[in-house]
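Results of the structural survey
Chain residues, written in single-letter form:
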Protein chains: 2
Amino acid sequence: VEKLASFADRLGASIEKHDTPCVVGIDPDLRYLPEEHDGSPADKVRRFCLDVIEAVAGIVPVVKFQSAYFERLGVAGLRVLSEAIAAARSSGFIVILDAKRGDIGNTAIAYADGYLNPNSGSDLAVDALTVSPYLGLDSIEPFVTTAEANGTGIFVCVKTSNAGSADIQDQSVNGRPLYDVFAEALRPWTTRSVGANGYGAVGAVVGGTFPKAASELRSKLASSYFLVPGIGAQGASPKDLLPYFDRRGRGALVSASRSVIFPQHFAGATTWSRDAVAFAARCMVEEVREVLHGSSGPRPNRPSTTR
Amino acid sequence: VEKLASFADRLGASIEKHDTPCVVGIDPDLRYLPEEHDGSPADKVRRFCLDVIEAVAGIVPVVKFQSAYFERLGVAGLRVLSEAIAAARSSGFIVILDAKRGDIGNTAIAYADGYLNPNSGSDLAVDALTVSPYLGLDSIEPFVTTAEANGTGIFVCVKTSNAGSADIQDQSVNGRPLYDVFAEALRPWTTRSVGANGYGAVGAVVGGTFPKAASELRSKLASSYFLVPGIGAQGASPKDLLPYFDRRGRGALVSASRSVIFPQHFAGATTWSRDAVAFAARCMVEEVREVLHGSSGPRPNRPSTTR
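The notes below deal with the structure included here. (Residues numbered from 1 in each chain as written. Chains lettered and ligands numbered in written order. Predicted model: local features only at pLDDT ≥ 70, side-chain atom pairs only at ≥ 80, totals over all residues. Heavy atoms only, no water.)

**Digging into the overall build of chain A**
Looking only at helices and strands, chain A features 12 helices and 10 strands. A principal-axis box enclosing the C-alpha atoms of chain A has dimensions of 50 × 45 × 45 Å. Counting across all 307 residues of chain A, residues that qualify as buried make up 63%. A separation threshold of at least 6 residues defines the contact pool for chain A, and within that pool the share at least 24 residues apart is 72%. Carbon and sulfur atoms provide 49% of the accessible area of chain A, an area that totals close to 10,800 Å². The centroid of the 31 positive side-chain charges in chain A is displaced by 3 Å from the centroid of its 33 negative side-chain charges. (Helix = DSSP H or I, 4+ residues; strand = E, 2+ residues; numbered from the N terminus. Buried < 20%, exposed > 50% of the residue type's maximum accessible area, 1.4 Å probe, protein only. Contact = heavy atoms within 4.5 Å. Areas by Shrake-Rupley, 256 points an atom, 1.4 Å probe, with all protein chains shown as cover. Lys, Arg positive; Asp, Glu negative; His and termini not counted. Charge placed at Lys NZ, Arg CZ, Asp CG, Glu CD.)

Printed below as a string of structure tokens:
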């Protein structure tokens with residue numbers, strides 16, 4: 001039996017090939033869709049997603065779909081999600097579904113099978129899923145074991161990018177923030193399935209707006225890929241990104257959504273076009289490259305698109 | 001403009017009409033589906049759901065679908081969920097979707113619109129949704145405002161029924177468990193839209209396995225309906241239920257899934273049938289009635305089905 005490539009090894013190889021850890025988040029918010037798209041809401045979202053996938057192919061290694069915007073449209077939206085996942089995979093992307101699932105026992109097994117087992121028969125299976133941990137470690141374990149068995153991965157929400165993340169995640173437990181206590185409890189799983197590149201199947205969501213927390217978590221979860229949202233429209237700046245990476249400049253995925261996919265609203269483009277999306281993606285890639293390599297290579301001649 | 005009936009008032013009226021706060025949880029786990037059902041997994045789940053809905057109609061006021069078992073089957077499963085929701089509503093049930101969603105900002109708005117706004121165009125809209133709060137209060141607010149505006153409701157996970165709920169929910173914050181600190185933060189929303197029966201749009205999930213926690217939370221969240229899973233196959237006993245109710249015997253929904261819908265595996269029936277499901281549901285209703293009314297009326301002549 002051929003050994004299954006681990007998620008972390010596949011991810012590391014694709015990051016290296018594209019020379020960037022950037023992720024384009026596909027959040028098809030109806031309010032910002034380009035007006036020239038006709039048809040039902042689901043039709044518009046389908047065309048938009050396929051256009052974005054085509055625009056950023058070859059530029060970034062990973063796309064992340066935000067499940068909420070598809071679920072928002074009911075079954076028709078989920079059909080579009082399934083088609084967009086298939087299109088992204090056949091364009092060579094590693095696909096993350098940002099769905100923040102979390103439940104207990106058999107229910108968690110059902111979620112894990114549907115999203116993280118490519119042989120489950122589900123047409124919504126992806127390479128990695130975000131997981132929300134309020135229900136505790138036994139709610140996460142089925143995702144971990146299913147991911148390990150299938151060469152897929154998870155990103156567990158540890159410290160999220162929003163202001164309200166303080167409400168639960170920053171509560172002081174014996175003088176330490178809860179997210180830090182929780183990260184320590186998570187650690188044994190993060191080191192269990194470490195592949196050739198030093199990373200395992202269990203990653204963490206660590207918001208781009210909290211570089212100090214990232215620095216602490218980086219040493220605590222040394223084998224976890226960090227998925228870093230909050231760059232771009234949410235206000236985090238690329239220069240704050242270094243603490244999310246290890247010393248070799250690896251171990252983090254930097255994700256931007258609105259500032260790339262809706263450049264006509266969030267990045268100074270005059271109208272939406274695939275070219276404008278590709279341009280915004282390249283700008284993001286260049287900015288992150290400058291942060292990681294400390295050098296400013298040739299870059300598109302336009303103001304930052306990731307503010 | 002006719003005033004929209006609030007979720008809590010609709011729920012209270014239906015509980016009164018059925019003379020029971022029992023909820024049948026529809027968790028179509030493929031491993032336990034009756035063997036006589038043919039077809040694809042999605043076909044089997046469809047027929048199973050429609051059979052269960054028919055079996056328990058008139059016996060309980062509420063059904064709760066566990067989204068994971070439908071998502072497990074991909075788009076075909078979600079189509080079945082949509083059909084099952086429609087069937088349950090036209091049979092007069094109040095429908096809860098147990099999906100434990102939670103995200104921030106526009107993303108939370110998208111989830112809330114899809115599930116809690118009956119005019120959003122989504123065919124997955126329901127009467128109430130479970131919400132998972134790790135991301136904090138700003139991740140919950142869009143669900144609250146959407147529910148209030150549309151006569152729908154939410155149940156926020158506060159203290160869940162699983163052992164692992166201790167990992168985050170029981171962490172000690174200044175000597176108090178985190179779930180208790182969080183419940184207090186949630187309180188202003190729970191009292192904001194209180195209807196004629198004393199309850200509002202913001203309920204709480206409080207596991208049936210923790211009656212002591214329920215007793216504390218009952219006074220703290222006096223205007224929140226409690227959704228109480230964990231009865232039956234998960235091990236909680238009906239006699240532990242009193243602390244979940246207010247002094248008038250109101251304010252809680254008691255939910256059982258496997259012990260009702262899979263009586264051939266979890267309640268001593270020899271084979272699966274709609275009659276066996278109806279019988280198991282009636283047994284549950286009687287047991288809860290005895291707890292609430294302290295009297296033992298006429299009841300089906302068979303050992304408990306909710307252990």
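**Some details on unusual backbone geometry**
The phi torsion at Asp19(A) lies on the positive side, around 55 degrees, for a residue other than glycine. Within the secondary structure layout, Asp19(A) lies in the loop between helix 1 (7-18) and strand 1 (22-26). Notably, Lys100(B) is not glycine yet its phi reads approximately 45 degrees, a positive angle. In this structure, Lys100(B) sits in strand 3 (residues 94-101). Exposure remark for Lys100(B): the relative accessible area of 6% places this residue in the buried category.

**Section: helix 4 (residues 74-90) of chain A**
Between the first and last C-alpha of helix 4 of chain A there are 25 Å, a value that for 17 residues agrees with the 24 Å anticipated at 1.5 Å per step. Gly74(A), Val75(A), Gly77(A), Leu78(A), Val80(A), Leu81(A), Ser82(A), Ala84(A), Ile85(A), Ala87(A) and Ala88(A) are the residues of helix 4 of chain A that are buried. Packing partners of the buried residues in helix 4 of chain A comprise helix 2 (41-56), strand 2 (62-66), helix 3 (67-71) and strand 3 (94-101) of chain A together with helix 4 (74-90) of chain B. Just downstream of helix 4 of chain A, Gly92(A) is the residue with a positive phi angle, here 95 degrees. (Expected span 1.5 Å × (residues − 1).)

**Things to note about the interface of chain A and chain B**
The interface is formed by 61 residues belonging to chain A together with 61 residues belonging to chain B. When the buried area of chain A at its contact with chain B is split by residue, Arg72(A), Val75(A) and Tyr134(A) rank highest and sum to 17% of it. Taken together, chain A and chain B are joined by six salt bridges. Two residues, Asp113(B) and Arg72(A), come together in a salt bridge whose shortest N-O distance is 3.8 Å. At the surface where chain A touches chain B, the tally comes to 29 residue pairs in polar contact (both at pLDDT 80 or more). Of the residues that constitute the side of chain A that touches chain B, the class distribution is 25 nonpolar, 22 polar and 14 charged. (Buried area = accessible area lost by both parts, 1.4 Å probe. Salt bridge = Lys/Arg side-chain N within 4 Å of Asp/Glu carboxyl O. Polar contact = N/O pair within 3.5 Å; in protein donor to acceptor, adjacent residues only side chain to side chain. Nonpolar A, V, L, I, M, F, W, Y, C, P; charged D, E, K, R; others polar.)

**Some details on the relation of the copies chain A and chain B**
Copy one and copy two of the chain differ by a rotation about a common axis and a shift along it. Overlaying chain A with chain B gives an RMSD of 0.0 Å, the required rotation being 180 degrees about an axis along which the chain moves by 0.0 Å. When the rotation and shift are considered jointly, the pair of chain copies conforms to a two-fold rotation axis. Interface residue correspondence from chain A to chain B reaches 100%, placing this contact among same-surface, isologous pairings. (Least-squares fit on C-alpha atoms with pLDDT ≥ 70 in both.)

**Some remarks on the packing of helix 4 of chain A against helix 4 of chain B**
Each pair of packed helices gets described by two things: the angle between the helix axes and the distance between those axes. Between helix 4 of chain A and helix 4 of chain B, whose axes approach to 9 Å, the crossing angle comes to 175 degrees. Viewed along their axes, helix 4 of chain A and helix 4 of chain B adopt a mutual orientation that is roughly antiparallel. Facing helix 4 of chain A, whose interface residues are Val75(A), Leu78(A), Arg79(A) and Ser82(A), helix 4 of chain B presents Val75(B), Leu78(B), Arg79(B) and Ser82(B). The residue inventory of the contact of helix 4 of chain A with helix 4 of chain B, partitioned by class, reads four nonpolar, two polar and two charged. (Axes fitted to C-alpha atoms, helices over the stretch in contact; angles between N-to-C directions. Parallel < 35°, antiparallel > 145°, perpendicular 65-115°, else oblique.)

**Focus on the environment of Thr152(A)**
Residues and elements named next belong to chain A. For threonine 152, the location among the structural elements is in the loop between helix 6 (137-150) and strand 5 (153-159). Considered as a pair, threonine 152 and glycine 198 are 46 residues apart in the sequence and their alpha carbons are 16 Å apart. If we skip the residues at most four places from it in the chain, threonine 152 touches Phe7, Arg10, Leu116, Val126, Asp127, Thr146, Ala147 and Ala201. At 2.9 Å, the side chain of threonine 152 forms a polar contact with the backbone oxygen of leucine 116.

**Some thoughts on the sheet that holds strand 10 (residues 252-256) of chain B**
Residues and elements named next belong to chain B. One closed barrel accounts for eight strands, arranged 1-2-3-4-5-8-9-10; its pairing is parallel. Ignoring strand direction, the axes of neighbouring strands in this sheet form an average angle of 30 degrees. In the sheet, strand 1 (residues 22-26) pairs with strand 2 (residues 62-66) via four bridges, with the strands oriented parallel. Bridge pairing links isoleucine 26 to phenylalanine 65 in strand 2. Contacts from helix 12 (residues 274-293) reach strand 1 and strand 10 within the one sheet, and its direction differs from that of strand 1 by about 145 degrees. (Pairing = 2+ DSSP bridges.)

**As for helix 12 (residues 274-293) of chain A**
Residues and elements named next belong to chain A. For helix 12, which comprises 20 residues, the first-to-last C-alpha distance of 28 Å matches the rise-based estimate of 28 Å (1.5 Å per residue) to within 8%. Residues of helix 12 that are buried include every one of Ala276, Val277, Ala278, Ala280, Ala281, Cys283, Met284, Val285, Glu286, Glu287, Val288 and Val291, and no others. At its buried positions, helix 12 is contacted by strand 1, helix 2, strand 10 (252-256), helix 10 (258-261) and helix 11 (263-266). Glycine 294 sits one or two positions beyond helix 12 and adopts a positive phi of about 65 degrees.

**Concerning the packing of helix 2 (residues 41-56) of chain B against helix 4 of chain B**
Residues and elements named next belong to chain B. As a packed pair, helix 2 and helix 4 sit with axes 9 Å apart at the nearest point and diverge in direction by 15 degrees. With respect to helix 4, the axis of helix 2 lies roughly parallel. As for how helix 2 packs across helix 4, the hand of that crossing is right-handed. Of helix 4, the residues touching helix 2 (which contributes Ala42, Val45, Arg46, Cys49, Leu50 and Ile53) are Ala76, Val80, Glu83, Ala84, Ala87 and Ala88. (Left-handed = near helix turned anticlockwise from the far one by under 90°.)

**Examining the packing of aromatic side chains**
Residue and element names in this part refer to chain B. Scanning all chains against the criterion turns up 16 aromatic pairs over all chains. Consider the rings of phenylalanine 7 and phenylalanine 155, whose centres lie 6.0 Å apart with planes at 80 degrees: the pair is edge-to-face. Of this pair, phenylalanine 7 sits in helix 1 (residues 7-18) while phenylalanine 155 sits in strand 5 (residues 153-159), and the two are 148 residues apart along the sequence. With respect to burial, phenylalanine 7 and phenylalanine 155 carry one shared label: buried. (Phe/Tyr/Trp six-rings, centres within 6.5 Å; stacked < 30°, edge-to-face > 60°.)

**Here we look at the pairing of strand 3 of chain B**
All names here are of chain B. Counted residue by residue, strand 3 has eight buried out of eight residues, so it is predominantly covered. For strand 2 and strand 3, the ladder comprises five bridges, and the chain directions are parallel. Pairing of lysine 64 across the sheet is with isoleucine 96, part of strand 3. With three bridges joining them, strand 3 and strand 4 (residues 128-131) adopt parallel strand pairing. The partner of arginine 101 across the bridge, within strand 4, is valine 131.

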